[in-house]
Every structure is written in C-alpha cells, then in structure tokens.
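# Fold and geometry: a report
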Amino acid sequence: MALKCLGCGKDDFNSTRAHSIHIKSCQKSGRSLGATIREQNAVAASKRDSKTRRQHIQELEEQATSAPFDPVAEVIVPEEPPQPDPSTLSRVGRVRRVPAKLRDLLPTSYTGLPAHIRLEHPAPVRAATPLQAFVVDSTPQPECDEAASAPARSPSPPKPSHFRTVPDEFGLYRLYSVIPQRDPGGDLAFHSSCDPLVFDAPAAAFPSVPAGQERVPPGLEKVAAPPYAPFPNVSTFDLVYWQSHGSNLKSYTEVNTLAQLMQEPDFDPRDVARLDAAREVARLDEYCEDAQGSPFNSDDRWIKGAVKIRLPKEGVRYDSEENAPEFTVEEVYYRPILDVISSACQQSYVRNWNFIPYKLFWLNETSDDMESQPSGSTSQISSGAAPCRSDDSQGPQPRAAPSGSIPSTPPIPQASPTTPSVSSKSPAPLQPPRRLSSPSSSSSSSGSSSTSAGEDVDEGIRVYSEVWHADAWLEEDAKMRAQPRQVGDPDDMEYAILPLKLYSDSTHLTAFSSASLWPIYMYFLAQSKYERGRPTAFSAHHLAYVPSLPDTLQDAYIKLYGIAATAAILTFLKRELMQAIWLLLLDDRFMYAYVHGLVLLCGDNVLRRLFIRFFIYAADYPEKILLACLKYFALCPCPRCRINKDRIIEMGTMNDLHRRNWVRQDDEDLRYRIKMTRRWIFEDGISLNSKYIARVLDPLSITPTRSAFSVRLREYGFNFYSLFVPDLMHEFELGTWKSIWVHLLRILYAAGEDLIQELNRRFRQVPTFGRCTIRRFSANISGQGKLAARDYEGRLKCFMATFEGLLAIAANNKIVLDLVFNLSTWHALAKLREHTDMTLDGLDDKTVDCGRSVREFAKKTCADYETYELPSKDSAARGRRRAAMTAKGQDAASQSTRKTSSVRKLKHFNYMTYKFHAMRDYAPAIRLVASGDNFTTQTGELEHRHVKKFYARTNHIGAAFQIAQHMRRAEKLRIIKTRVEAMRAARRRALERTSDSDCAAGSLSGVMTPPDSGPQAADTLPFTNDPLARYHIADSQREWDDITTWASSNAEDPALEGFMRKLKDHLLSRLLRPSEANTPTPSEYNAADRSRLALRNNRVYWHRVLRVNYTTYDRQRTQDSINPRTHPDILLLSQDPRTHPYLYARVLRVFHVNARVLSSDADNFEPVYVLWVRWFRIDSTFEGGFEARRLHRVEFVPVGCADDAFGFVDPADVIRGAHLIPAFAHGRTKELLGPSIARDGPTSGKARSRLQPSDSSKNSDFKFYYVNFFVDRDMFMRYYGGGIGHQGLRSVSRTAVDEGTFDSDSEWQDIDDDEPEGPPETAQPECSTLDSLKDALDDPEQLIEEQAAALLCEEDVLRLVPELALAQRELLPPDEEVSDNLIGEEDEDEAELTAHAELQAELEEEGSAHGADGWESDEEDNEEDEYSMEGYAPL
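Presented here is a report on the structure given in the accompanying data block. (Residues numbered from 1 in each chain as written. Predicted model: local features only at pLDDT ≥ 70, side-chain atom pairs only at ≥ 80, totals over all residues. Heavy atoms only, no water.)

## As for the packing of aromatic side chains
This is how the line gets drawn: Here a Phe, Tyr or Trp ring, Trp counted by its six-membered ring, pairs with any other such ring whose centre lies within 6.5 Å, and the pair is stacked when the planes are under 30 degrees apart, edge-to-face when over 60, and tilted otherwise. Secondary structure elements are taken from DSSP: a helix is a run of H or I of four residues or more, a strand is a run of E of two residues or more, and numbering for both begins at the N terminus. Relative accessible area decides the class of each residue, using a 1.4 Å probe on protein chains only: under 20% of the type maximum gives buried, over 50% gives exposed, and in between gives partly exposed.
Going through the model one piece at a time under the given rule, you end up with 64 aromatic pairs. Between Tyr176 and Tyr358 the ring centres are 4.9 Å apart and the planes differ by 50 degrees, which places this aromatic pair in the tilted class. With a gap of 182 residues between them, Tyr176 in strand E3 (residues 172-176) and Tyr358 in strand E6 (residues 358-362) connect regions that are remote in the sequence. Residues Tyr176 and Tyr358 agree in their burial class; the two are buried. Ring geometry for Phe1059 against Phe1208: centres 5.2 Å apart, planes inclined by 70 degrees, an arrangement best described as edge-to-face.

Pasting the structure below:
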C-alpha cells in the first residue's frame, strides 16, 4: 500500500516511519483529513447557495421599499456605524472575521413575550415590534422628521439587555438576558408544587392554544388515527395498559385499578370478548406514524448494532494501529440520540419545560429578622379541613402575583398563658454560621455580563434550584447568542440550549444470579427536577445497553496470538469498548445538530432551534474513572483536578484550595501523551505495564485510551472532564461517612465494656419519623450487612444522641460529637434542594470545619485505640476452619500458620481518599449546575427498578433486547394513555356543558331544584388530601366518651388536674371573637364566662391522627402525620423568639367537641378540634445550636411547676411534627410525673410503641430529649435560617372562628354516627339563645321532653338556674344526679350568685320581646325510642 501525504501530495516513502516524520514537518498537512473534507464541503455548499441568498435578500429589499410608510407604527432608529470590537482585532489591526458556518446566527426573536415580564434595560429597536408596550415608556423615541430623514436600512442587532419579572409573593424574581416566547411557569397549577406521595393531585390543566394559532408539523396533519390506535377499541387498550404497568405480581391495588377502569363509560366487555394479548402487543410493536413530529415516528426505535475494538499484544508490531486485528462486539442495543430528542421534545409534557435560562434572585427584605428567627407556620382555622389563612398555609404559588412589592411580615403576638415560658437562661438566639469570604465564593450582587455599566440590577440574593438558574446554562446560552442566526430562520423561531444529563452504571437484575445490565440513561435538564426525580414520571430515556466483553474474546485472542489475554489487556479493552459505544452514539447526524442546531416544533407549540449540550454525567467513582479514561487508585485520583493523593489530607486548607485550580484540561498535551503511548503499544509492541508508558501517563493518572467526547467535541471547545460532578450518595453517604461510621464501631469494640450492645440498645429506642425519613433501626445496628445509602444517612442523623457518653475519655467524646455535628451540618447543606448565596457560603465554611475535625479525629482519638476489623461472617468462617483443622491433628507449625492468617487484621482510619477530597467540590458544582438533586446518582439508581421489573417478564435469553422491547412498549402505551385521557376529558367537559345548559333551561321554565337536605348531602365530606387545608382530622364521631365521666374516672391522675377548667378556657378563647368589646383573655375567664359554654351531648370525640400541611423551604407543599402513639411530638412558634424560636410538646390525645357559646353570634354548635399536650421546656443548663455544635436539649415541664405541664393546642398552631430523641446518657427519672395515662397513649389494642415505656420503666420518663433538627432538610432550614418558603411565617394564629365557616346546614349539626336522631326535617330544635332559654323556663313540660339531653352538657347553667336543675334531676335515676361542681373547678359562690342575678335580669328584660310560643315542637315527630337512643335494636 503506497503512502501519500494528503497535504503536499508526496508519495515516495520507503517506510511508515519516514511517512510519519514527514507528516510532522510538512506545513500543508497540519490539518486533519476530516477538517479538510469539511472545509471543501462548506466551500461547495456556499457556492451552491450564493444565488439563493442573493434572491432572498433582493426579495426582502423589495418588500421593504414597497410597503407603505406609517410614521406612527414604523419608526426606524438611526444607528451609528458599528465600531469593531477590540477583542476581534489582530496585532496589525485587521478585523478577525467569524467563520462562515457561525456567521448566520442571530439573537432569539422576542415574539410571544409573557405578560408579566417587563423590560428592565431596553435597547433601540423598531417601535412596531411586539414589545412596543414594554419599550415605549422607557426608551426615548426619535423625532418624526429625524426618523423620516434616516436612511431606510435594517437596524443593528440590539445590545444585550436584562429583563426582569415582577417579584412573586416569596420575593423571587427572574433576570433574563433574552425574553422567552412563553413562560412555562404560567401553565403550572398549584398541585405541581405538592408532594405526589401525600396529595392525590389532579393532572395539571394546560391552557389550550387559540383556534387558528396552533402549529402542526408537516405530515402530521395526515394522521387521522383514533386516540387509542393501534388498538381496535378503548377497552382493549385499557387492559393492555393495565397489564404492562404496575407490579409484576398484581396486588390488591392493581385489582382495584382494574375495577376502576371497567367503570369507564367507554369500556365495553363485548370489545374484549376475543382478546388476544400477544396479538395486540405485536400490533403495538409494529405501529408507527410516518409523519414528522409524531411520537410514533419509525426513526425512534431500538437498533441492534456492533462495535469493533483492536487487540494489542506485547511484542507484536504493526505498521499502524489501523492494521491491528479487530474484534467485533455484537448485540449493542441503542437508540440514536437525535431520534430520542426529537421524540421527547414533541410531546405535550414539554409545556412544563424551561428552555431559556435566567438568574433567580430573592428579595429578602427581612433578612435581619430571618437570621435571628427561623420561620414557622401558623393559621387561624379551627376546622378539620378548613382553607388556610396564613402565608405558610397558602402554599407555593407558581404564578407570580402582579405586584412589585413584598407584603410586610406581621408582628409576633404573645402566646397563650397555657404555653410554658422559656427560661431567661436559655441559649442565645439561633444564628446562621458565619459566612466564609473565600476567593471561590460568588457575590450575590454581581451583575451579568450584558448589564450596562453603572447599572445595578442584581440587588437580591442569588438562588440556585433548577439547572436553568445555574452558571453553566447561562454561559452556554451567552456563547450561543453571541453567534449570528442561521439564514432563512423565521423571526419567531426561538434559539435555545437543550442541556442533557447522562447516567450509566451496571446493575444486577436478580439477587441470586449473575444476570446484569449496563444501561445508559439520558435526562433532559429542561424538565423540572421535581418531576425528573420521580421514577413514576418516566423521565429517563434509555439510550443504550452496554454489553460486557463477551466470553468469545479470549477464544479469539488465543486463536490469534496463541495465548490468553492478560488482566491489563482486558482492562484496556473494556475502556475501548465503552468509548467505542459512545462514538457510535455520537454519530454524524448528532454532530451536525450539535454544531448547527436541531429545528423542532416542540410540544408547547413553539418553533425552536435547539443546540444540544452535555452538562452532567452522573456516575459512581469506578464509572467516572472508566469514562474519564483514568487509572484506578492512581497518583491523581480526582477526575476534575490533578491533585496528588498524598495531599488529600489537607482538604479544607488554603493550600488545598489553590491546588484545586489545577483542573484537568483536554488539551494538546493530553492528546499527545495518549497518541504517543498508543503508537508504542500497536506499532512497537510495548507492554501496557511498561515503565516507559508509566513515565508518560502516570503523572496525570491517565490511560492510553482517548475519550469519545474528546474525539467528537474537543474541537468545539468542550472539556469532557467538566462532566464529572461529585456524587453525594456514593462519595459521602457510602464513602466518607461510611468509613467514619465503621471506624467508630471499631473504636467501641476496642474500648470494650459492652459498648456495642449499648449502642444497639439506644438505636432500637430511637423513634421513627415521617413516612421513610427515619426508619426503624435494626436490632443489631452494628451489623454491617447489605445496607443502602438511606441506612447510613439515618445513622448520621440520629448519631448525636445515641453516641453521647459511650467513650470514657471526655476529650474523645467531644471530638467525636464535634466531628459528627460538622458532618451532619455539611450533609444537610449539601443535600438542600434550593440554595442561596448564604447557604453556599455556609457550605464552604462547614467544609473547612469538616476537614479540621477529621484531621483532629485521626490524630487524637484514633491514636488512643488499637482497632481491628469488625467481626464478620468471613472472620467467623476462618475461625471455624481453624478449629476444624486443629481437631484433625494438624502439626504445630501448620496450626501456627493458619492461626496467624485467621486473626483479625489491624485496621487504621484511612481518609486519604478521593471521596474525602471531593467534599470541597460540592459548592462550586452547585454554582455551576444548581443543587445536588440535579446531579445525584439516586435518580439513575431508582431507574434501575424499571429494567429489573421488565427482566422478570423475559425468558432470560437475550434479555437486553427483550427489556428494550418492553421499555419501548411502555413508552408507546403512556403516549396513547395521554391521548385517551385527553379524549375522555373533552367528553366530560362536553357533558358538563350539556348538564349546565339543562339546568339553566329548567330554571328559566320555573322548575326550581330543591337543595340537597338529606343525610346523603350531609355525609358528603371535603377532599381529605386538599393541600390548601392547614390540617386535616377525620370527621368520624364513632369513638367518644362522656367528658365528665371520663374525667371523673381519672380524677387521681395529675395530668388531669384542672382539665375541665383549662379546656373551657381554651374553647372560649377560640370561640369568642377577639374583635368583640371587653373580650377577656384566657387567664381572665371566670365561672360566669364558663357558664356560657355548651357542649353538645357532653361528649368528646377521639381521633387517632392529625395531618398537618406545610410549605417547605423550597416552596413545595407536603404533610406531616401526628400520631399520639407513634409520632406524637410537635413544633410550635415561641412567644419570645429571642430566647428560642420554637415550643415543643407531646400530643397525648386528638379530639373534638361540638361547642357553642350562649348569648353570642354563633347560634349553632361548631366542631372545635383540640390537641391535649404535655409541654417540654428548654434545658437552660445546656447550650445547643450551631455555634455550640450540639443539638438543643429539652425536658418535660414537671408537675407542680409554675408553668403548666399539660395544656391544649389549636391544631392550626402546629408548624409540623418534631423529632425528639431521648438523651440516653442521662437516664430516666420518676420525679417529673407520677403514674399517669399521659404515658400510655391511645393504644386501642395495638402493639406497644417504642415511645411507650416498658413495664420496668412504666412510671418514669427520660430526663432530657434532644431536638433532632437534622431529621430532614426542611427541619434543618427552620433552625439554620434562610428558607425562602419559611419567610413571613411568624405570627401565632388567632383563636377566633371566622364568620361563615359553619352554617346551619353544616354536616356537623345533623350527623351523629352513634345516635341517629331521625330525618333532618324531624330533628328537634336546639335551645341556642337566651330568648329560647327563657321560653323553656316558662314551660317545664316542654323543657323535660325537648331539652333534657341538651341540658346535660350545661352544668354551669344548671347551677345558676335552680329551677332548671330541679327539673333535670327529676328525669334521672337517683344514682345519676348531676353534680353541681365539676372536677377540678374551684368553688366561686359569689361569682355564681352574681352571674345568676345578671342572667335572671337579662331574661326579664327580654321577656316581652319573645312569647311563650317561641319554641314550638311536635311531640310525635320528636319522640324517640329509648332503645334506639342507647344503640339497641328497636322493639
């Protein structure tokens, strides 16, 4: 084969070496073959299109000159000749021109500006543009005569500007560099910000496109298939969809789903009489819609491909690498990236995506108060499912309110006297940790590069939540918009960046076999992370399934070289295989779209040219090393910088900060090293383990494999090392913290004294929290079995209270607690879903503290103990084998040798790892690509569930292809499901319009529809999962007690001392409106005030669960469940936030009473929900908080203290549940409370809770509890401060009931589950006013028949009115007479006599206005059978 130089044409070379030497010195061959061919093609294309361009420009000029001139609508701003940019000038003064392939890009058109976006710094533009309403007031217009005299030419491109949105109710506003054509946040409903695991949120309703404005891709209008195509009918589709989705083992829930779909109006059993599922699935596989823009386009399919890798051999030389033998790896199943992008971007859910990046700022007008007082959430609603009234209870509002100011925060009123006071010796108010001023921290006030000089537009605090808030997208967007537009693109075509996230990792498909799969997933970062992170959203797009090196490789290698491949060769081939697959994915079609953009009519009806960019490659450390082509456990272990391994110990120091500036670059030096070593391997036959190759590659810890991203994207300025961001799950939770946890267990083993058993005992008593936040710890917490990342995270959150006091040396105990507190704080900050500059500065600061604490722990604590490996199954097996060999009579020497090998190995604490080094990379990564949940590997790990589920449906032979088929079917079925649901929704809307018209016709014809008044209407309950409700308690009245009898049966219990008096004071404070004149405070109520309170049937109705809805720090809506048996601790706002911001209480019972106040505006009984609680107070002898590096410590208020130990709480005052962990090191005590039902809780026959003491400690309490504010991120931000969703939540709720909340037709008035009182129309009237009470006194017989039951709950009235009490006693047996004094109430004879006289006077004055017939009743209708009243069957 003749060798020829492509540059100069020389072809007389004697050897390959001579040709290579010539190539290096030939000036004409400096460019690669590919670059030369591309240049020639570009020149040819330019010549072909020159005529077309001239014609297009001529047509535009003719249109401009022929159009009539209107001086009002068409004003041309005269422009100055453009001055050359100094950065584009060469040293001799010539202007550097933009390459032709990038010269035809222009900034994005401004058509379709959202209404709430205003122009902040406009540039001169045509006055007739769609932005005229935004620029006319702020841009000076030229005079008409000047405009008329101006030359008729096109204006210059507008200068970069900023466009700011109106701040919303949270004080958040956006800063755009270009205006988007549509605002995705404007289409989002309130439920999009609600936790889908808690609230059954309906699907978001998107506004329809106006008729005549919708766009249809070419060819798609020809598709006239029904929504359920390719299935013959909807019923067949429903069954196939039900079988494909859900669990493989159909549960009760799946059967319920099947029953529900059978109730659909369009489901017909006759349609599926001859259903053949295999035939329908085959029909689905073959179905396609050959139309551009259709999600069923035939191009989007799985392809079976193959890649080739070259086989090197030590000592075997080839003329070049191209001449080396190749091995073909078959069965590479993949989908072209461009087809996946086209299919996904044309779906309807793209309406929620964001394509234009912006900076998000927070106007924290109360920043000083926020630092000293975290926010809470209170309300003034007392009903079970009442709408919220406070800022917190309103929840997040995705759409900005049309207001430019932030409402001021109301002051904090004083709390109820029933709440315990906080000691003046309590710790100082909570302050966020000091902010670190480091060179790496970014200023929140730094303006964008496009801001005019001297203009300050960034007066808010920078917020990082979604990827479109971060710097990476903003930088790429600015680079793209700096280039000219493509010629021929319409003005309304939007230019945008389409950022992608990649993930790959091998996963085991079963637990008891070697079956595995190595998938590559792709995520669209334009989709919100809250939707992208849910596996049920199916946001992961499967790109390829990477095959392992086949078993036939060794056979082929032996056949070729006569010897098996070494381990170094196999490792080299594995890297080559991975890069070859990525070269297959990054094909020529993709590269053209990468450079020139992909034109698509997206699912939100906007035409865009999308420029694809890779931002994130999420992977664990071994996968990163493989993709970055680095050596494992080498000198430079970091894939982002070139720090040496022996310098990792200095993590957090200034030296470490400077070394991180040695970032890895895909430069010529790297490319030359790889190229030279590959030539040695293939052309010179040098071994992969050669010391010569090591001298070249080891200083950078690289391998002789070049990344596919470098091959394809390097020439466009892409540095593939920037893809590899840190991973919190694998590198901290399963890395740094796991290693520290394991070594702490070794220390406890070394210390002896059964400390491991004590640690196990303490963890077993830690209460759970949330649904899955803190799970129940295993009986043997020290057992290191197969633990997930969440298990180690739970150990970190609960470590402080459980490890306290275990080490005998106090200094070591302090070092360990300081270390874990710093790690917990760092972990909470790093895992926040929404960051600000304050939290990022705090993360930087805490990283420094963690590095210092780890070095102190290793130097001091670890040096005091001789630690060995933990007892494990392997060490036990070694001991059993040694004992067996000894029993067989082995010789002494052999026994000694085996004994040495079976002894536990000495273990030292190792923190010189990459995972420890990566802790300081999280803050820069968050600034670059937003919060950690955007680049976590957890989303990819959760996606493995889908492939594992589909693997169970295969025959396990060629499983990769079958899994790919199942994934594609599921994707098609979800698209069809969307179409079918849209059809059904349209049908329901049509039926509603028809029914509304029928109702209107009936009203016009004089036919009046009577209101629903029967029991069926009364039983209609509100939506129980309404996120707008402040809280929810079930409306059941099945479990009840007579409150007087219940209190009397526990009269000796100290917890019930003054129970009735406190309860009545609490009810009066909530039922009496504070707006009424002379309304007393709860501490000023007397017997006369309490006598006005009436309880219906004298009953208290018990409930088991209280659900509290609250807004999180990142403006999401979620829920806490308060259960007196399992999760009883709650958090409330303090009346004095200067000492401590919160109050803590343990809920003993949840109940409600139907109450009313006589002689008030409320004439009907109202259900009032109450929490009976036991109060905690802050331990004033202990300092907690971030500065002290300890959790806050609380204790129960002792009985007999000046502060009330027990009290009542309005459920609307509960912020959320609290996680209190017993202070195990301080033991238990019996001095706080004697034997009481307050410790038992409402067990209701259920198993004993961990919160309930055992029989040996039944009458004792823990002395102290620790407030675990590390339990979740929202709880952490309530103490750390700076939560955006927490601002403005600082007022204690009013105790009054709003007008109109309950009416006379309320379900609570007529429903009684246990005592049916007949139909509503025959129910006896209630004595609700003083007027009717006087009428009852005048007619004793009427009183006996109608008011006996009602007067049972009016004890105070009975004492004040002797005639009424006498008549009542005559109705009761002698042993059931009502006592004149309630348990726990003091005798107030003088007050009672005074109240009696006042009541009689009031009745006499009002007697003339109300006759004796004011309360008539029908004895026959109101007469009830006594057996029916007692619950017996009627006779």
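## Describing the pattern of salt bridges
What counts, and what does not: Here a salt bridge means any side-chain nitrogen of Lys or Arg lying within 4 Å of a carboxyl oxygen belonging to Asp or Glu.
Applying the stated rule across the entire model yields 61 salt bridges. Asp1120 is the partner of Arg1216 in a salt bridge, and the nearest nitrogen-oxygen pair spans 2.9 Å. Of this pair, Arg1216 sits in strand E27 (residues 1216-1217) while Asp1120 sits in strand E21 (residues 1117-1122), and the two are 96 residues apart along the sequence. Of the residues examined, Arg1216 reaches a relative accessible area of 0% and is grouped as buried. Under the relative-accessibility criterion, Asp1120 is labelled buried at 7%. Close ionic contact of Asp1274 with Arg1216 constitutes a salt bridge, the shortest N to O distance being 3.0 Å. Linking Asp1274 in helix H36 (residues 1273-1280) with Arg1216 in strand E27, this pair joins segments that are 58 residues apart in sequence. The same class applies to Asp1274 and to Arg1216, which are both buried. Bridged by salt links that share partners, the residues Asp238, Asp266, Lys977, Glu981, Arg984 and Arg987 form one connected network.

## Quick word on the pairing of strand E5 (residues 326-334)
The condition is simple: In this scheme, strands are said to pair when DSSP sees at least two bridges between them.
Summarising the sheet, strand E4 (residues 303-310) and E5 pair through 7 bridges and their orientation is antiparallel. Residue Arg310 lies in a different strand from E5, and its bridge partner there is Glu326. As paired strands, E5 and strand E12 (residues 541-545) are joined by 2 bridges and run antiparallel to one another. Looking at E12, one finds that Tyr334 is bridged to Ala544.

## Section: the sheet that holds strand E20 (residues 1106-1111)
Here we have 3 strands laid out as an open sheet, ordered E16-E20-E21, and antiparallel in their pairing. Because the sheet does not close on itself, it has two edges, and the strands there are strand E16 (1031-1032) and E21. As defined by bridge partners, E20 adjoins E21 across 6 bridges and the pair is classed as antiparallel. The residue bridging Asn1109 from the neighbouring strand is Gln1119, located in E21.

## Thoughts on the sheet that holds E4
Operational definition: Interaxial angles span 0 to 180 degrees and are taken between N-to-C directions of axes, which are lines fitted to C-alpha atoms, for helices over the stretch in contact.
Strand order in this open sheet of 7 strands is E4-E5-E12-E11-E8-E14-E13, and the pairing throughout is mixed. One side of each edge strand has no neighbouring strand; the edge strands of this open sheet are E4 and strand E13 (598-601). The mean angle between the axes of side-by-side strands here comes to 35 degrees, regardless of whether they run parallel or antiparallel. By the bridge criterion, 5 bridges tie strand E8 (residues 494-504) to strand E11 (residues 519-524) in an arrangement that is antiparallel. Paired with Ser504 across the strands is Ile520, a residue of E11.

Purely spatial values, then, with no claim about function.
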